[in-house]
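Here is what each chain is made of, one letter per residue.
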Amino acid sequence: MGPNDTSEHARVAQIEALRALSNRERGALAMRLSDNAIALSRRAIRRANPLWSDFDVQVEWARLHYGPEIAAMIARWVERQPVE
């Protein structure tokens, strides 16, 4: 079943294009799509909290995606790292 906003012709063309890619190309595409999704979600956090530091945005992203316990662990780990 394809997305409701995509015509059958476009859906078939997309599937054919994906099938034509090598495993490496499909992996690279998946990584780019994932990177884009992460960047967009972090940008949304930044827009909602413009006064937050980059660190605060990263911790909030971790909290939303991995839960408060993991976010707290990450924050504690980062805070223990030496400043360069």
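What you are looking at is a predicted structure, and each value in this text was computed from that prediction instead of being measured.

Calculation rules
Residues numbered from 1 in each chain as written. Predicted model: local features only at pLDDT ≥ 70, side-chain atom pairs only at ≥ 80, totals over all residues. Heavy atoms only, no water. Helix = DSSP H or I, 4+ residues; strand = E, 2+ residues; numbered from the N terminus. Expected span 1.5 Å × (residues − 1). Buried < 20%, exposed > 50% of the residue type's maximum accessible area, 1.4 Å probe, protein only. Contact = heavy atoms within 4.5 Å. Salt bridge = Lys/Arg side-chain N within 4 Å of Asp/Glu carboxyl O. Phe/Tyr/Trp six-rings, centres within 6.5 Å; stacked < 30°, edge-to-face > 60°.

Peer 1: Give me helix α3 (residues 54-66): which residues, what numbers.
Peer 2: Between its first and last C-alpha, α3 extends 18 Å over 13 residues, near the 18 Å set by a 1.5 Å rise per residue. Taken residue by residue, α3 has Val57, Val59, Glu60, Trp61 and Ala62 as its buried positions. Check the buried side of α3 and you find it contacts α2 (23-48) and α4 (68-80).

Peer 1: Talk me through the environment of arginine 46; I want residue IDs and the actual numbers.
Peer 2: If you trace the backbone, arginine 46 turns up in helix α2. Beyond its immediate chain neighbours, meaning those up to four positions away, arginine 46 contacts Trp52, Ser53, Asp54 and Val57.

Peer 1: How would you explain the pattern of salt bridges if you had to name every residue and give the values?
Peer 2: Evaluated as defined, the whole model comprises three salt bridges. The salt bridge partner of glutamate 8 is arginine 11, with a shortest N-O separation of 2.7 Å. Placement of the pair is glutamate 8 and arginine 11 together in helix α1 (residues 8-20), with a separation of three residues, close to one helical turn.

Peer 1: How would you sum up the packing of aromatic side chains? Please name residues and give values.
Peer 2: Under the defined criterion, the tally for this structure stands at one aromatic pair. With centroids separated by 5.7 Å and ring planes inclined at 70°, the aromatic side chains of tryptophan 61 and tyrosine 66 adopt a geometry described as edge-to-face.

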